[in-house]
Every structure is written in structure tokens, then in C-alpha cells.
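Structural characterization, general
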12 protein chains.
Amino acid sequence: MEALGRREPELYGTITAAELDAYLIGQHPGDELDIRYTNVEGEAISWIYQADLGDHDGLVMNPAGFLHEGIALRDCLKTITMPYVEVHMTNIEKRGFRSATASVADTMVAGLGAHAYVLGLAALRTILNR
Amino acid sequence: MEALGRREPELYGTITAAELDAYLIGQHPGDELDIRYTNVEGEAISWIYQADLGDHDGLVMNPAGFLHEGIALRDCLKTITMPYVEVHMTNIEKRGFRSATASVADTMVAGLGAHAYVLGLAALRTILNR
Amino acid sequence: MEALGRREPELYGTITAAELDAYLIGQHPGDELDIRYTNVEGEAISWIYQADLGDHDGLVMNPAGFLHEGIALRDCLKTITMPYVEVHMTNIEKRGFRSATASVADTMVAGLGAHAYVLGLAALRTILNR
Amino acid sequence: MEALGRREPELYGTITAAELDAYLIGQHPGDELDIRYTNVEGEAISWIYQADLGDHDGLVMNPAGFLHEGIALRDCLKTITMPYVEVHMTNIEKRGFRSATASVADTMVAGLGAHAYVLGLAALRTILNR
Amino acid sequence: MEALGRREPELYGTITAAELDAYLIGQHPGDELDIRYTNVEGEAISWIYQADLGDHDGLVMNPAGFLHEGIALRDCLKTITMPYVEVHMTNIEKRGFRSATASVADTMVAGLGAHAYVLGLAALRTILNR
Amino acid sequence: MEALGRREPELYGTITAAELDAYLIGQHPGDELDIRYTNVEGEAISWIYQADLGDHDGLVMNPAGFLHEGIALRDCLKTITMPYVEVHMTNIEKRGFRSATASVADTMVAGLGAHAYVLGLAALRTILNR
Amino acid sequence: MEALGRREPELYGTITAAELDAYLIGQHPGDELDIRYTNVEGEAISWIYQADLGDHDGLVMNPAGFLHEGIALRDCLKTITMPYVEVHMTNIEKRGFRSATASVADTMVAGLGAHAYVLGLAALRTILNR
Amino acid sequence: MEALGRREPELYGTITAAELDAYLIGQHPGDELDIRYTNVEGEAISWIYQADLGDHDGLVMNPAGFLHEGIALRDCLKTITMPYVEVHMTNIEKRGFRSATASVADTMVAGLGAHAYVLGLAALRTILNR
Amino acid sequence: MEALGRREPELYGTITAAELDAYLIGQHPGDELDIRYTNVEGEAISWIYQADLGDHDGLVMNPAGFLHEGIALRDCLKTITMPYVEVHMTNIEKRGFRSATASVADTMVAGLGAHAYVLGLAALRTILNR
Amino acid sequence: MEALGRREPELYGTITAAELDAYLIGQHPGDELDIRYTNVEGEAISWIYQADLGDHDGLVMNPAGFLHEGIALRDCLKTITMPYVEVHMTNIEKRGFRSATASVADTMVAGLGAHAYVLGLAALRTILNR
Amino acid sequence: MEALGRREPELYGTITAAELDAYLIGQHPGDELDIRYTNVEGEAISWIYQADLGDHDGLVMNPAGFLHEGIALRDCLKTITMPYVEVHMTNIEKRGFRSATASVADTMVAGLGAHAYVLGLAALRTILNR
Amino acid sequence: MEALGRREPELYGTITAAELDAYLIGQHPGDELDIRYTNVEGEAISWIYQADLGDHDGLVMNPAGFLHEGIALRDCLKTITMPYVEVHMTNIEKRGFRSATASVADTMVAGLGAHAYVLGLAALRTILNR
């Protein structure tokens, strides 16, 4: 599983990226989490294609800054075969944003801060268990 | 806690409203769930005001058909003090819809079918535990 | 058959609601007409769901004031299985209106005053005879 | 009476234009039907002006492909004195279309396939009998 | 006279609905005030039609949450014969809102808190004295 | 107090500007009314700045023709410290207009003809008495 | 010179097309006027191309019903080398219309009824004399 | 007659304002031309109101720079009783402009450079002779 | 094969329509080319329907001036069974145009002047060989 | 050089208009500064035309309140021959504004408070030295 | 020649990227093809600038996912001196897309699957031979 | 201080990037300039975050091609603590562009060619000296 782009500053004030990584890995002892960060949309696209062609089972992603104009990212997500769960640490509707990639997600969770990743992984687990 | 308006036909094919009620109540043995249905927006508004002035701790609601034009419902939700978690049984973005009430929710979960209520209740529990 | 919401004032000047009811019933001796009025959109939705789950064969409705914003009503009409014929006593296009529910009707008749209900019932009869 | 432009392919699969002509003429033994076809909007306009200045009593027309951009046709229909009933063999709202000429019709019927012409002629007869 | 829907929370902090009712009745010793509340738009429409057909002389209404989408309410107000004065306890333009029903009012007063009802009644009295 | 720009022709048919001035002054014996007219937006802006820096207590203004595009006037009104009550002799919403300056008013009164100035002054008096 | 499409009904009430033709020809004894009518946009285009390639000196045209959607006509007018004067018998701005072909005219005259053709010919004469 | 605001630079290269004034006066020996210039919209409005209340017979005006946003000017022109002919020295449609005041003109002439004033005066003469 | 409407003036400067016809016929010795021109959209529609019902194998068309508003043409092209290749002698996107008929083409070639027809025929050949 | 319209209230709190004038004059010992203020757009236009026809070398202007709707001012600035530098004491983009006159400036400086005038004069000096 | 970004999944099902490369190279024995792939828009921009400054003769590119928002790519293509042919393996108009880069192409080919590259190279050859 | 993305071709004709670097460094003997170029938006974002977390005092940036769609860049600039001065070598308003990042700048300078960087650095120096 990949969890890309958790760059939101609200997060880094209370929990570091490393702490979040450790927390998520600890919550999922039997699963193998492949966690990645990037500010380059095309790099994210390449990673997702490789993961989908490889042996990853699903994708939990916070599109962060790509939510505004990430149409190429959306095209990529539309063509992959593994399930995609989109998470946002804030309720983006409350901030007046609309995610360009949400329309191709299987499930979306928005809000709850860093806990959104926990719910996102739970949602992915639910999808994979079906 | 209230869970209003679960009228989506995708649901009723596989699980009846009564079964969902029973399932959710079974999942939350220590909590008292107050489950209601209505097709009248003003009735939902009145229930929510009463619940907020009463001793309810939070609201999990699927706005269903009110998502299109429920501006009065949104005004109501903006003024209540208990947390509000919005759930949709489908990813509404995938269907091209935008929820009029999402902008005043604390957290939104969209997708996973009837399981969205389970995640919504988990999200509300997380908020109440803070 | 139901015929809801014939609240237009143009009508009531020349023919009362009771007279129209009597006239329509007289025109259809072998059919059972279930005629209802309401100003509450949610109430109309509940009636239509009950009629569709019950033994009604079709719906002839003048959405009247709901034509402007009746998106929840449209969602309801989209999911019922009985045919729906929409009638308007005036040509709503001439008045600059567009019906929110017309896109889910099987047939639409607009104009001719109270006679629109007669044509609407004839259209429904045609559909049921196929 | 004129009935122009019945070019819709849904029709031609089950009933030919000649058969429809014969059927409509058979349904109206006492009336004289003047049935015409054209793909040229200006030609339709010329026919309608001539019919209105001549001794035709009314117009039943399916604007077909002219519904999208037929503003010149609409200007023509706005100035004639005989009544105009617009028919569409499908519910055009369901297909996402809006008729440019509907706003100047006395009555509109949309849906029921070729049977829409029958209802359209009935509507014109109702108007002429007033 | 009716005064519907004074649900604004700014009011309830300093003056209760009951106090406002008593205050308005005290200010108008010779007039009979018929004060009503509802969250259901269709119910407001039914009340207004009944009042207009009955012996009420005018309507002072705060459309509150119906200001956003109350097109059916506007249609109702357009057809009544008694004068209608619209009041808002805040200057709705300052909050970026536009009232769907204002275009059919005889007079509009916006601002001054609960005092807006006092000015609204004064405006109605002025209209009735003409 | 200033009352600028009462140029509406509906007024001048029944009551002259001089008569209205005399009437308003007579209605407010203890107050000093400073009444001005102009067709030049920049001149109105200069007057308002001077009045606000001087010893005027408030502003009642009918923006008249400036309502359409008076953005510079709105900027001026946003920065003054005295209260501003906007009056219109007609319900501008009924005429399809929207006032560019209404969003910075403390209170707005629209309708009642020349009587709107009387209500506007009453509203200003209410604000000043708080 | 060509003068196409004078089909406006306001005209035909007071002056027939033949009378207008005779009047314009009488007003211009030394000029040869080539006057044509059509309801078919493509026919007008063909005539204009032929006139421009032939020995016509200029074009005075009332686009009439083509003003709404005559983009192909506009393309044609953009490529001809003779001057083009557009005339309308009414002030089309007052009727809320905008001419699709006006942007490629050398001069536009709108208003004055049939007299607009006289002014249009005068304008063309002015252009040709330069 | 007034002819306000001929400020266009295309003109001043070949003919000065004084020369144009002299030319127009020379062309109209029996008429009294009252020619005025201003860059202040409110000043133009005051002049037009005075001329209309005085003994002027009509108005020929080039709104020049006011064409973009002259809504207050348009309101003024809508209420005067003398005829108004709008002139533009260029075809404003060709430059992509739309005149805010054209909708209240009796006739519009656009193009021909300074000669537009000559045609505008001819149009006014035609209107006054009716 | 048909190739309609090559009316673009850029072409006629360097190669006449007859020369182009000859060139295309020479390039395709084994194929029978049916080349037609028209300025009337309805005529093009009639030709295309006849060709599709007849024994033509495909259509290469430059919609030329119909590209702006040719919605009726688009409806026609949507219902034919032979493949349709759209050609433009210029890159219409560079000129800010969008073709109304492009969305129903199998392939589009835009640019290269008269050579676009050569590529268009090559594309049609590729489609027919599949 | 002219510097018109520095009316922003943020400025007058810390530095008076007179102090700013003195400061700017002191910073440019060898230059002659012609500093003017007005709230009337037409007056600014007249001043700029006179300065451009006179012996001024350039214009530094803060359009202030004219930035919203100053289209006539923009037309004026487009026709002058001296360079124009636009200054704003705040970053107008941050406040959500867009300057109607910026598109005809040679250079724009926005931000830095009163210091923006200093940078604006430096920019003008750079342009004049080329 | 460069041919960037052939990432479309429709292609990879029937022909691999390597096979397409080999095929294109085989079709153009005398030409040197420089074929590149990237998901990063800025990388494509850098490659194109280098190719244009180097000794490449032209560019055939499928902008793929960049077609939606590739404005920076469009700016780059606008400034290069070598010809640019845009290819799409599907008719993008049929899919409701509009290419942001098409407006700066010399020629566009859309449709025919992988064969679009063959036509694109033929178009580039035609341009280079002029 | 960073100065990213000076890729505009107008510049490279008269002054190379290396010359501009040398010139700016020479103008600021006591300051340390960190000058960088990139065509990849995500790379610019990473550099800016690192500079802001490091010991850089401010940012002068020409967003160049990112001005169109650089929303992710804007999000990054909104969260940094060092001041940001945006420069453009041309007046982007004159070219019809609007900068997506300008709304989060402290100051903007647009125009003067390469000299814009000089003014931008002066503006940053002014901000840092406060």
C-alpha cells in the first residue's frame, strides 16, 4: 500500500511524518506499508503505475496540493486496477476546495486530522476483504 | 446519535433498513442510538434542533436526497453545537453530485455502501473522545 | 393512479379542484383514480414511494411549484418502476421555466389548461397498453 | 394542418414515414392533412408563412434537428396567427435537449414515439374547438 | 397578520421568541397578530394561502432559511392579494445572501435585529392605510 | 444627517424634492438634517468623507443611479465610522436590480415610495439610540 | 447593390415589399439596385459570394432572422471585399438581441423602420465615395 | 439638439472638434445646435435632464467612454421624453464593445467616422418629422 | 466517398476546386470519389443520408462554415453507419474555433492546407481496411 | 509627473497626504512633481489628457477606487503617449481585486504601503532613461 | 524528431511501446527518430527546449495527460521554432476533452489508435518538405 | 534570497541568464544571492520549503510558466514565513494573464524587463528593513 503526499502543515505541528509512519505501521502489524512523499505530480503518477503493475493491493493517498489541478493524476487513477481510497486530513469542503481526484476514488474520508489515514486504511481493508 | 434518511435503493437490495438498524445497534453496545427517517427537510431540521438542545452527543447523517438543495438544512447544521459526521453510501463525487451540507460537517465519509455508517460512527466516536 | 399538486390559480378561476376530480373520474369509468394534493415536497415523495410499492399502475403528476427546485422529487421519480407522465396546465417553456422533474418522465404534456390532465391520462393509458 | 420533419431514426425502424402518414390520415377522416418533410430550416420557414397566409387552420410540427439552433424558425412561429403544437417522439428533457421553438408553442407533447403525433393532433383539435 | 419563521440564533440570545411575540402584540394594541413558526416550506405555503383566502389583511414574514431556495414559496407569494412585507434581522446583503422571495415583496426591511419586525409592521400599516 | 440623491422620477410626480425636504425636516424637529443632491458619484464620495470627519451622526442615502456600478461609493461607505442606512423608494429586487452599496449598509429599507425616507430615518434613530 | 431579407412583420403592415423596392429604386435613379429575398441562410451566402466576385459595388443587408445564429453568414461577410452596411428596422438592442453579423459590418444602422434602408444606402454611398 | 462627448482620437487626427462643430452647424442652417463636451458622466446626466425639461427637441449623443459602464446614464436616458439617437464613429461591434446605453436609444448609427454625426442628425430629423 | 464544402478562401488562391478534385481523383486511381459542394446545411444532411443508405463506403468532409452551429448536421452524422473523417485545411484550434461536428467523427485532421484532404482520405482508407 | 488619487485610509493613519507629498518631492530634487487628488473619474481623465498634451513626461497614478470600474479611465490611458506606471499601496490581488487600468500600464507596483510611490517613481525614471 | 508521452492504455493492450518504437523507426529508414517518455510536464518542457535549440527538425507529440492543464507546456510550444504536430490516439472531442496545447500546433491528428503516429509523422514530413 | 524561473525569451535576446545573475550579484555586494532555475513546479516547491526552513531571509521569484496553473505553488507560498516578492518582466495584465501566485505575494512588480528583478530585490530589502 502507498500513502503519498502528507505534506499538510497542520499535521507536522503535532506529529512528525516519521511518527505518523511508525504509528500506521504499528497499527497494521500483518500488512506491508510502502509509504512515499513527493511534490512532483508526474513522479506520483509513475509510482502509482509501477505499484499497480507490481504486487501492491491498494492505494491510500492524500493528494494534498494536487487536489486543485491534478487532472493528469486523475487520469492515472482511473486506469489502475487496485482500489483507491482518498484521504484528507481536513474536511476540504469546509475550506471551499473540491478534489480533482475524488471522482475516481472508491471511498473518500475527509477530516479528523492524521486519524484520517487510520480510517482510510480501515476502508481499504474493508474493500480488500469483500 | 441520529442517523437520518438512509433511503438509497442500492442498500435496500441487500440489507433492509431494520437489519441495518439492528446491525449498527449491535456494533455499539454501550451507546444509545436514536435512528430516524424522513423525506421532509423541515422535519429533519426540527429533529436536529431538538437533539442538539437535548442530550444527544453527536449526529451521523446521510442527507440523501437533501444533498442537492438542502441549504436550509445546512444553515441548521451550521448553528448546532454537537459534532456532525456526514456519510454517503456511494462516493458522490463519482456520480457527479456535490453535497450542500458537506461544508458544515466535521468529517465526511463517502463510499463502502452500508459500511459507511460504521465508519461514520467510528469517526464520531473519535471526535467525542478528543 | 395519482394526480398530485394541481394548485395553479389559472385553473381555480374556471373549474374547481372538486369539479376537475369529478370530470377526470367520469372520463375514466373503468379506472380507479387516487387523487392527492400537497404543498410539502417530502410528503409527495412518501406518497409516490408507497404507491409504487403498492398496486398503483402509473403516475400522472403536475409538479407545480416543485418544478423549480424539486431535485429530491426527481431522485424519487428516477427510482420508481411505474411509468410517470408529467403534465403542466401551461406551456412552461413560454413562461421561461424548466421542470427539474421532466428529465425522468416517460412523457410530458404542457399546455391546454385543465385539459392537460386528460391528455396526460391518455398518454399513461397508451403506455400501459403497450 | 402540417406535420413537418419526422426524420427521427427510432421511428423508421418500426413504422415508415408513408405508414405514419397513412395512419394519421386514417385517424382524421374529416380533416385535410398537409404533410411535409424538409432538412432545410429556411424551407420550413417559407412553408409555414405560406400556410399561415393561406387557409391552414393550425400546425403540428416535430422540429427534429432544428430544436437545437432553430432561432430563425422560432421567430417565424412567433409571428404566425394559427396555433402551433410541438411534438417530439422522445422526451427530449431525458436526452438533455432543450427545444429552441418550444417557448412559442401553444402546447408541447414529448414522448410516446410515433403516438406523439396522435396526441399532438388531438391537442390541436382541442385548441381549434375552443 | 402572520409573522413566520423567526429562527435566527442572533435573536434567541437576547430575546426569546415568546418575549418577541409579547413585545410585538404590546406594540399593536388594536391589531390582531397571528404569529406562526415552521421549518417546513410547504406548511408555510399552506398557511399563507389560507390566510389570504381568510380575513388576514397582510403578511410580515422573515423567510429565514427559505431565503436561499424558496422558489415555491415565492410562487405562492406572487399569487396572494394581501400585501407582503419581508423582514430580515440582519442585512442579508452584508452576509452575501440574496433572498429568493424579496422580488415579490411590497417592501423589504433588512437589519436592526428583532427591531426589524417593528419596522416591518410599521411598513405594513403604511401600506394598509393608503 | 445627509440624504443624498433622491432623483427617482416616480417621486417627482406626486411630491417635489422641496416638499419632501420640508416634510422630513418637519418630522424631525430636534434633529438637524443636511440634505444634498448630486448626479456625480465622486462628489457624493467627497461629501460623505467630509461629513464623517465632521460632526454628522449618520447617513441615510438613496444611492439611486449609483446602485448599479457604485463600487467606488461602496469603498467609501465601507471606511466611514458613522452608521449608514440605505433607502430605495421602490423594492429594487422587484425591478431586478441589486444594489452595489447595500452590502456595506447597517440597514436597508426598500419600497413604500417617499415614505422609505421616513422609515430610513427611524432606523437611523434606532441605531443611534443603542 | 443587394438588400436581402426584409421579412420583418412591422414593415409589411404599412408598406409592402414591392412598395419599398420601388421607393428605394426611385430614391437612387443613377444606381442599379439588385434586391433579393430568402429564408435560407446558405442561399444568401451563395448570392453574396457571387455578387462579390461579380461587379456589385457593395452590400446593404438586413440579416433579419439570421442575426441570432448566422455564424456561417458572418464568415462569408468577413471574406468579401465589397463594403457591407447592416441595417435593422428596429433598434435590436432595445429588443435584447445582438447581431452575429454586426461585427463584420463597416457600418450599422438600427431603428427608423423602413427608413433604415434609406440611411443604409446613404452610408454605403458615403463609403463608396471615399 | 445636443451632441456630447466626441472625444475619439481617430477623429482629432483629421478634423478638429471645432471644425466638426462648424461643419455640423453649417449642414443644419435652420436648426439650433447646442454642442457640449464632458468627461464626467454625472455632468452629462445633469445636462440631459435640463435639456429635456427645457426646450430641446432631441438628443444626438456619442457616449464614447461611457458606453462601457454608463448604467446611470442609461437610467437617465430611459426617463427623458425627447428622442435619443446614439452615434459611434466606429462600428463598436467590430471592436468587441457593447454600448450600455444603446438599449434605450431610438436609433443607433455606428461607423463612418465623423460622418456618423451627420447620419445621426438625419435620423433625428426623420424622427421629429413623423 | 463524399468530400463536401471545401469553400475556404485560403485554398482558392493557390489551387482551384477543380484542380483539387482532379488531384484527389488522381491520387486514388482505384477508388470512386463523389465530390460535392453546398452552402446549405440541410442539403448536406440530405446528401449524407442518401449516401449512407446508398453504396458509399465512407465520408470525408470539411464542414467549413457549418463547424460553428452545425448541430443538426452533427445529429445526422451521429446516425449514419459509414465512417466519417473530418478535415480542416487550417488548425481550427489556432483560430479559436471548435467544431460542432468533430465529436461524432472517427478521426479528425486539422491543418496542412489542401493536403488535409489527402491525409483525410488516407485515414478513411485505414479505417476501411481494418 | 502626476500622482493622482492617493485616498487609501491605511496611509492617512501614519503619514498625511501633505507629508507624503513633501517626502516624494524631497526624494526627487531635480524633478518637478505635479501632485493631484480627485474623487471624480472624469476629472482625472481631463487632467491626464491635459498633462499628456502639455509638457509632462510621465504618469504615476494610484487609481484607488477607480480600479473597480474605471473603464473610461482605461480608455483614456490607452490613448496617451507618455508612460504610465500604476501603483497600489497594497497587493490588490491579496484583497481579491483586479485593476481595470492595469492592462494599459507600462509597469505595475503593488504593495509596500506609501513606499509603493517611491518604487513607482523609480520605475518611471527607468522608463524615461531608456 | 521527438514523440513524447504515448502512455494511453488502449495502446498497450495490442502493441507495446517498444513495438511501436520499432515500427515507427522501420517506417522511416532515412530519418533519425528520438523517442522519449515522461510523466513530468517540466521534464517534457526542458526536453523540447533542448531539442529546439539543438538540431531536431520537428516535434510529433501526444500530450496525453498534459492535454487537460498543460498551459506551461503550451507556452513552451509557442516559443519554439521547429514545427509541432499534435497526435491523439483517440478522437479527443468524442471523449469530451479539449487539448490545451492544440492551439499552438501546426497540425493535429486525432483518432486511428497507434496509426495516429504514422499520420503525424507524415504530416511533419509534409511540413518539412515545403 | 532565491530568484527562480527567469525563463522568458524576451530576456534571453538581450541579456543572458548568466549576465543577469552577475549583474544582480554585483548590485548587492553585501547580500548572498541563491539563484535557481527549474521547469518542474514540484521541484520549485521543494526548494522553497527548504529555503524557508533554512536560513534564507526572503524570496524574489518570477513564476513564469507556473503563473497559469500554479495552485500547488500558491499553497506552498501561503505557508512559508519569509516574505515573498513576485516579479514579472512584462506587465502580465497587458498580455491578458493573471498570476495564480500573486494573491499570496507581499509585493508584486510587473514590467521593465530584466530591471523588474532589480526593483523586486529593492522591495524585498524594504520589507526586511522594517
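This structure is a prediction, so every number in the text was calculated from the model and none was measured.

Our focus in this paragraph is helix 5 (residues 115-129) of chain J. End to end, helix 5 of chain J covers 21 Å across 15 residues, agreeing with the expected 21 Å (1.5 Å per residue, within 8%). Every buried residue belonging to helix 5 of chain J is among Ala116, Tyr117, Val118, Leu119, Gly120, Leu121, Ala123, Leu124, Thr126 and Ile127 of chain J, and all of these are buried. Elements that come into contact with the buried residues of helix 5 of chain J comprise helix 2 (17-27), strand 3 (59-61), strand 4 (84-88) and strand 5 (107-110) of chain J together with strand 3 (107-110) and helix 5 (115-129) of chain L.

All names here are of chain C. Across the interface, helix 3 (residues 41-53) lies against helix 4 (residues 71-79) with an axial gap of 9 Å and an inter-helix angle of 5°. Between helix 3 and helix 4, the interaxial angle falls into the category roughly parallel. In this structure, helix 3 uses Glu41, Ile45, Ile48 and Tyr49 to contact helix 4, whose residues at the interface are Ile71, Ala72, Leu73, Asp75, Cys76, Leu77 and Thr79. When the residues that make up the contact of helix 3 with helix 4 are grouped by side-chain class, the tally is 8 nonpolar, 1 polar and 2 charged.

To continue, consider the relation of the copies chain L and chain J. Taken as rigid bodies, chain L and chain J are interconverted by a rotation of 180° and an axial shift of 0.0 Å, the fit giving an RMSD of 0.0 Å. Taken together, the turn and the small shift mark the pair as related by a two-fold rotation axis. For chain L, the residue whose C-alpha comes nearest the rotation axis is Val109 of chain L, separated from it by 2.3 Å. A share of 96% of interface residues in chain L that are also interface residues in chain J marks the association as one of identical surfaces.

Structural alignment of chain A on chain B gives an RMSD of 0.0 Å, achieved by rotating through 180° and translating 0.0 Å along the axis. When the interface residues of chain A are mapped onto chain B, 92% of them again lie at the interface, so the same face is used by both copies.

Another aspect to go through is the environment of Tyr117 of chain F. When you line up the elements, Tyr117 of chain F lands in helix 5 (residues 115-129). For the pair Tyr117 of chain F and Ala100 of chain F, spaced 17 residues apart in sequence, the C-alpha to C-alpha distance is 19 Å.

So, on to the packing of aromatic side chains. Taken as a whole and judged by the stated rule, the model has 0 aromatic pairs over all chains. Over the ring of Trp47 of chain B we find Arg36 of chain B, and its NZ or CZ is 5.1 Å from the ring centre.

Let us look at the interface of chain L and chain J. Counting residues at the interface gives 23 residues for chain L, matched by 22 residues for chain J. Where chain L abuts chain J, roughly 2,000 Å² becomes buried across the two surfaces, and 50% of that area is made up of carbon and sulfur atoms. Taken together, the links from chain L to chain J amount to 16 residue pairs in polar contact (both at pLDDT 80 or more). Taken together, the elements giving at least two residues each to the side of chain L that touches chain J come down to strand 3 and helix 5 of chain L. If one sorts the elements of the side of chain L that touches chain J by residue count, helix 5 of chain L sits on top with 5 residues. In terms of residue class, the side of chain L that touches chain J is made up of 11 nonpolar, 7 polar and 5 charged. In this structure, strand 5 of chain J lies alongside strand 3 of chain L, joined through 3 bridges in antiparallel fashion. Bridge pairing in strand 3 of chain L links Val109 of chain J to Val109 of chain L.

Rules used throughout
- Residues numbered from 1 in each chain as written.
- Chains lettered and ligands numbered in written order.
- Predicted model: local features only at pLDDT ≥ 70, side-chain atom pairs only at ≥ 80, totals over all residues.
- Heavy atoms only, no water.
- Helix = DSSP H or I, 4+ residues; strand = E, 2+ residues; numbered from the N terminus.
- Expected span 1.5 Å × (residues − 1).
- Buried < 20%, exposed > 50% of the residue type's maximum accessible area, 1.4 Å probe, protein only.
- Contact = heavy atoms within 4.5 Å.
- Axes fitted to C-alpha atoms, helices over the stretch in contact; angles between N-to-C directions.
- Parallel < 35°, antiparallel > 145°, perpendicular 65-115°, else oblique.
- Nonpolar A, V, L, I, M, F, W, Y, C, P; charged D, E, K, R; others polar.
- Least-squares fit on C-alpha atoms with pLDDT ≥ 70 in both.
- Phe/Tyr/Trp six-rings, centres within 6.5 Å; stacked < 30°, edge-to-face > 60°.
- Lys NZ or Arg CZ within 6 Å of the ring centre and 35° of its normal.
- Buried area = accessible area lost by both parts, 1.4 Å probe.
- Polar contact = N/O pair within 3.5 Å; in protein donor to acceptor, adjacent residues only side chain to side chain.
- Pairing = 2+ DSSP bridges.

Purely spatial values, then, with no claim about function.
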